[in-house]
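For reference, the chains in residue letters:
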Amino acid sequence: MSHEDLPPSVDPKITRIIVWALFVVCTAFVAADLFYDKAAHTHYDFENLVGFHAAYGFLSCVGLVLAAAQMRKLVMRSEDYYDRD
Amino acid sequence: MIEAIPPGLLLILGGLLLPVVPERHRKAVMVCVPLLGLGLLGLTPLGTELTYSLFDYELTLTRVDSLSRIFGVIFHLAAALCAVYAWHDKDLLQQVAAMTYAGAAIAATFAGDLITLFVFWEGTAITSVFLIWARRTERAYRSGMRYLVIQVASGVLLLSGAIVWYSSTGSLEITGWTRDGDHLRGMFAFDSLESAHPAALLVLLSFGIKAAFPLLHNWLQDAYPEATVTGTVWLSSFTTKLAIYALARCFAGTELLIPIGATMTAFPIFYAVIENDLRRVLAYSLNNQLGYMVVGVGIGTELALNGTAGHAFAHILYKGLLFMGMGAVIHRVGHCDGSDLGGLWRKMPLTTLFTTIGAMAISAFPLFSGFVTKSMILSAAAIEHHTVTFGVLLFASAGVFHHSGIKIPFFAFFAHEREYDREITEAPKNMLIAMGIAAFLCIFIGCVPAPLYALLPFDMEHLHWIPYDITHVVTMMQLLLFSALAFVFLQKFGLYPPELRSTNVDFDWVYRKGGKRAVVGLGRLADSVYAGARDRLYLEAGSVSRRIRSYHSPGGPLGEPWPIGSAAIAAAVILVIFLAMGWMG
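Residues numbered from 1 in each chain as written. Chains lettered and ligands numbered in written order. Predicted model: local features only at pLDDT ≥ 70, side-chain atom pairs only at ≥ 80, totals over all residues. Heavy atoms only, no water.

Description of the packing of aromatic side chains
Reasoning step 1: Applying the stated criterion across every chain, the model contains 34 aromatic pairs over all chains.
Reasoning step 2: Look at Phe-410 of chain B and Phe-487 of chain B: their rings are 5.3 Å apart centre to centre, the planes differ by 75 degrees, and that puts the pair in the edge-to-face class. Placement of the pair is Phe-410 of chain B in helix α15 (residues 387–413) and Phe-487 of chain B in helix α19 (residues 470–492), with a sequence separation of 77 residues.
Reasoning step 3: Given the relative accessible area of 24%, Phe-410 of chain B is considered partly exposed.
Reasoning step 4: Of the aromatic side chains, those joined through ring pairs into one cluster are Phe-71, Phe-75, Tyr-101, Trp-234, Phe-238 and Tyr-245 of chain B.
Reasoning step 5: It is Arg-512 of chain B that lies over the ring of Tyr-82 of chain A; its NZ or CZ is 3.7 Å from the centre.
Reasoning step 6: The ring of Tyr-81 of chain A carries Lys-513 of chain B above its face, with NZ or CZ at 4.7 Å from the centroid. (Phe/Tyr/Trp six-rings, centres within 6.5 Å; stacked < 30°, edge-to-face > 60°. Helix = DSSP H or I, 4+ residues; strand = E, 2+ residues; numbered from the N terminus. Buried < 20%, exposed > 50% of the residue type's maximum accessible area, 1.4 Å probe, protein only. Lys NZ or Arg CZ within 6 Å of the ring centre and 35° of its normal.)

This is the structure in structure tokens:
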């Protein structure tokens, strides 16, 4: 049975609530950048851009996962690859 | 107090005596001995030394200072926690191996000279391999053998370094840090490879193997997932952190370690994303966490070294907790392959909760332990303006949350509902207690970092650095929340690579396949050279023998009877030759 055929473990309604809550919290933390003196504790100018860490985190993860998925073409072998002589 | 029982030896003795302890008391002994050791260590003042003489050498069995103390404390604590986790296990082999292994790691931490360090360094290798072999499968046996060869090689390099160092300086002592402006320097620290003492390079290679430096790392991902359920938890606590301790002690301020550490934080996470065996995912993630500590050692400021020591402390707890969670899954389900798990949160709710706490801690969420320790290393990198390293560490922080923070709990406990071939129940009580204590400590350290900070090598108040300033909290939350958003985005659009049963080849291909092929190829070459030489020899021998036969057989020149006169002349000629030689000589 492929992954798509299996029912989700958490009720999709609850998942939707969690995802919306995540959107709200994400927005709130980016907005928070406007309300304090960020420069007081950062060491680089680029860190002071509003939402810098948010964008960095998002792009890092998307880049990481897409690159890793491509990497499979290069490194993935069958499960018993090392057991075969 | 410590003069009577040096730290580590208590556990080694306890471990060796376990076979004579009645089985029903063994588990209690395994929990109580590390706690007793921890108590003794608590009573030991900083600066305590215990020396002994071996032949003409003055060796230091124990030296307690602020760096060895914090590692000693967490090693004792981890040993007690692991013993609780393994309470249900009656395998004497594992019990003895685990206790002596923990003892060797603790003894190595307090070693004051290179020879004592070497002895216990090898001790950790020889004892810990039984935790892998105790799985009693062909795969575990082979993996353990590779592990042992590599670990022993690390020890041999350390001994070689010690000998070279002794022949050059006349000393075996592991000396303390020296100060160079704002930076601390270990006894083997160097500025460039050319200026490094040969002994320093040998020792660095030795420590680098155990600390899983890039290209020297594969023993970790190879062996840890093959060990027993409890064995992996023990293994994850000691070996690599002992190496971090040794690096911090001897190589603080070696800038070469900064790019090495940064590479360690980044490259394993690509593998962690696509790996299916969730304990192997954790092994890659362990490698990534070691990277932060190695960067801290390389930076070598007080804040960075505090970060390394503090992060090692926090890391042992949350990484142990994550391995405990996956171990509980194996204990109940029989495996921990992401492709065949899911929906366990209903059946193992407490394991789910505790593992998720471990995942939050490793991801460095504010209020969890990773946050108050990792931030020190990130800040130290930024303060020293290691800009690229800082960028890599931020990238790796987002990546850690992705594969350890989300992937582990998501694929094990949530994802899809699944039918299992057996009745799944919550983890055994002892496992839950161990996980509960570790989870509590992850939160406690995150919320109340002061007791941990008090154990660090340098006074935190003097450093004017606090974890909970608004910038740290908001920027870290942004990084992590948007990483979670990226996961949602990738899942929603079907871009997230599915969990697949597979093997991902890493650098160990070189010796597991490439090296094997090279050895087999060389063997075949040698075989054909040998066969060729042998055939040639037979051919030559045959022709010589034929020639001799032709001379000596009837009808041959030597085969015919000689006339007596010819024999007399021949004898006379030989006699004359001998006489001439005698007269000349």
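Examining the pattern of salt bridges
All names here are of chain B.
Reasoning step 1: In the structure shown here, the tally under the stated rule is 21 salt bridges over all chains.
Reasoning step 2: The closest approach of N and O atoms between Asp-340 and Arg-501, which form a salt bridge, is 2.5 Å. Residue Asp-340 is found in the loop between α12 (302–333) and α13 (349–362), and its partner Arg-501 is found in the loop between α19 and β5 (503–504); the two are separated by 161 residues along the sequence.
Reasoning step 3: In this structure Arg-501 comes out as exposed when scored by relative accessible area, which is 51%.
Reasoning step 4: Here Arg-534 makes a salt bridge to Asp-535, at a shortest N to O gap of 3.8 Å.
Reasoning step 5: You can call Arg-534 partly exposed: its relative accessible area is 32%. (Salt bridge = Lys/Arg side-chain N within 4 Å of Asp/Glu carboxyl O.)

Focus: the layout of surface pockets
Reasoning step 1: Estimates place the volume of the largest pocket at around 1,600 Å³.
Reasoning step 2: In terms of lining, the largest pocket is formed by 43 residues, of which the most central are Thr-15 of chain A together with Phe-410, Phe-487, Val-488 and Gln-491 of chain B.
Reasoning step 3: Secondary-structure elements contributing two or more residues to the lining of the largest pocket are α1 (12–32) of chain A together with α13, α15 and α19 of chain B.
Reasoning step 4: Ranked by the residues each element gives to the lining of the largest pocket, the list is headed by α1 of chain A, at 10 residues.
Reasoning step 5: Split into classes, the residues belonging to the lining of the largest pocket amount to 30 nonpolar, 9 polar and 4 charged.
Reasoning step 6: If you go around the second largest pocket, you meet 39 residues; those closest to its centre are Asp-83 of chain A together with Arg-139, Glu-226, Arg-280 and Arg-512 of chain B.
Reasoning step 7: Among the elements of the structure, α6 (138–169), α8 (218–223), α11 (278–299), β5 and α20 (509–552) of chain B are those that each provide at least two residues to the lining of the second largest pocket.
Reasoning step 8: With 5 residues, α6 of chain B is the largest single contributor of residues to the lining of the second largest pocket. (1 Å grid on protein atoms, 1.4 Å probe; cavity = no way out; pocket = protein on both sides within 12 Å on 5 of 7 lines; lining within 4 Å. Points joined across faces, edges and corners; volume = space filled by probe spheres on them. Nonpolar A, V, L, I, M, F, W, Y, C, P; charged D, E, K, R; others polar.)

A look at the interface of chain A and chain B
Reasoning step 1: Counting from both sides, the interface comprises 53 residues of chain A and, opposite them, 67 residues of chain B.
Reasoning step 2: Both sides together, the interface formed by chain A and chain B hides about 5,400 Å², and carbon and sulfur atoms give 69% of it.
Reasoning step 3: Looking at the side of chain A facing chain B, the largest losses of area belong to Ser-9, Arg-72 and Tyr-82 of chain A, adding up to 15% of the total buried there.
Reasoning step 4: Summed over the shared surface of chain A and chain B, the number is 1 salt bridge.
Reasoning step 5: Counting only elements with at least two residues in the side of chain A that touches chain B, the list comes to α1, α2 (52–75) and β1 (76–77) of chain A.
Reasoning step 6: In terms of residues, the side of chain A that touches chain B owes the most to one element, α2 of chain A, which gives 18 residues.
Reasoning step 7: Considered class by class, the residues forming the side of chain A that touches chain B number 32 nonpolar, 10 polar and 11 charged. (Contact = heavy atoms within 4.5 Å. Buried area = accessible area lost by both parts, 1.4 Å probe.)

A short note on a nonpolar patch on the surface
Reasoning step 1: On the surface, Trp-20, Phe-23, Val-24 and Val-25 of chain A cluster together to form a nonpolar patch covering roughly 390 Å² of accessible area.
Reasoning step 2: Topologically, Phe-23 of chain A is positioned in helix α1. (Patch = residues over 30% accessible without salt bridge, like charges linked within 9 Å, V, L, I, M, F, W, Y side chains within 5 Å. Areas by Shrake-Rupley, 256 points an atom, 1.4 Å probe, with all protein chains shown as cover.)

Things to note about empty space enclosed by the protein
Reasoning step 1: Within this structure, the stated rule accounts for 5 cavities of 30 Å³ or more.
Reasoning step 2: Its boundaries defined by the atoms lining it, the largest cavity holds a volume of some 220 Å³.
Reasoning step 3: Forming the boundary of the largest cavity are 17 residues, of which Glu-47 of chain A together with Leu-378, Phe-390, His-472 and Thr-475 of chain B lie nearest the centre.
Reasoning step 4: Taken together, the residues of the lining of the largest cavity sort by class into 7 nonpolar, 9 polar and 1 charged.
Reasoning step 5: Forming the walls of the second largest cavity are Met-30, Ala-86, Asp-89, Asp-91, Gln-94, Gln-95, Ala-98, Leu-131, Thr-230 and Trp-234 of chain B.
Reasoning step 6: Those elements that place two or more of their residues in the lining of the second largest cavity are α4 (92–109) and α9 (229–251) of chain B.
Reasoning step 7: If one sorts the elements of the lining of the second largest cavity by residue count, α4 of chain B sits on top with 3 residues.
Reasoning step 8: Tallied by class, the residues present in the lining of the second largest cavity amount to 5 nonpolar, 3 polar and 2 charged.

Quick look at the pairing of strand β1 (residues 49–54) of chain B
Residue and element names in this part refer to chain B.
Reasoning step 1: Direction of pairing for β1 relative to strand β2 (residues 57–63): antiparallel, over a ladder of 6 bridges. Its bridge partner being in β2, Ser-53 is matched across the sheet by Glu-58.
Reasoning step 2: Between the antiparallel neighbours β1 and β2 lie 2 residues, among them Phe-55 with a positive phi of about 55 degrees. (Pairing = 2+ DSSP bridges.)

A word on the confidence of the model for chain B
Residue and element names in this part refer to chain B.
Reasoning step 1: Chain-level statistics for chain B give a pLDDT mean of 93 and a share of 99% at 70 or above.
Reasoning step 2: When pLDDT is averaged over each helix and strand of chain B, the minimum, 84, is found for β1 and the maximum, 98, for helix α16 (residues 429–447).
Reasoning step 3: Here the predicted complex scores 0.90 on pTM and 0.93 on ipTM. (pLDDT = per-residue confidence, 0-100.)

Notes on the side chain of His-315 of chain B
Reasoning step 1: Here His-315 of chain B is to be found in helix α12.
Reasoning step 2: Aside from chain neighbours lying at most four places away, what touches His-315 of chain B is Lys-241, Leu-286, Gln-289, Met-293 and Gly-320 of chain B.

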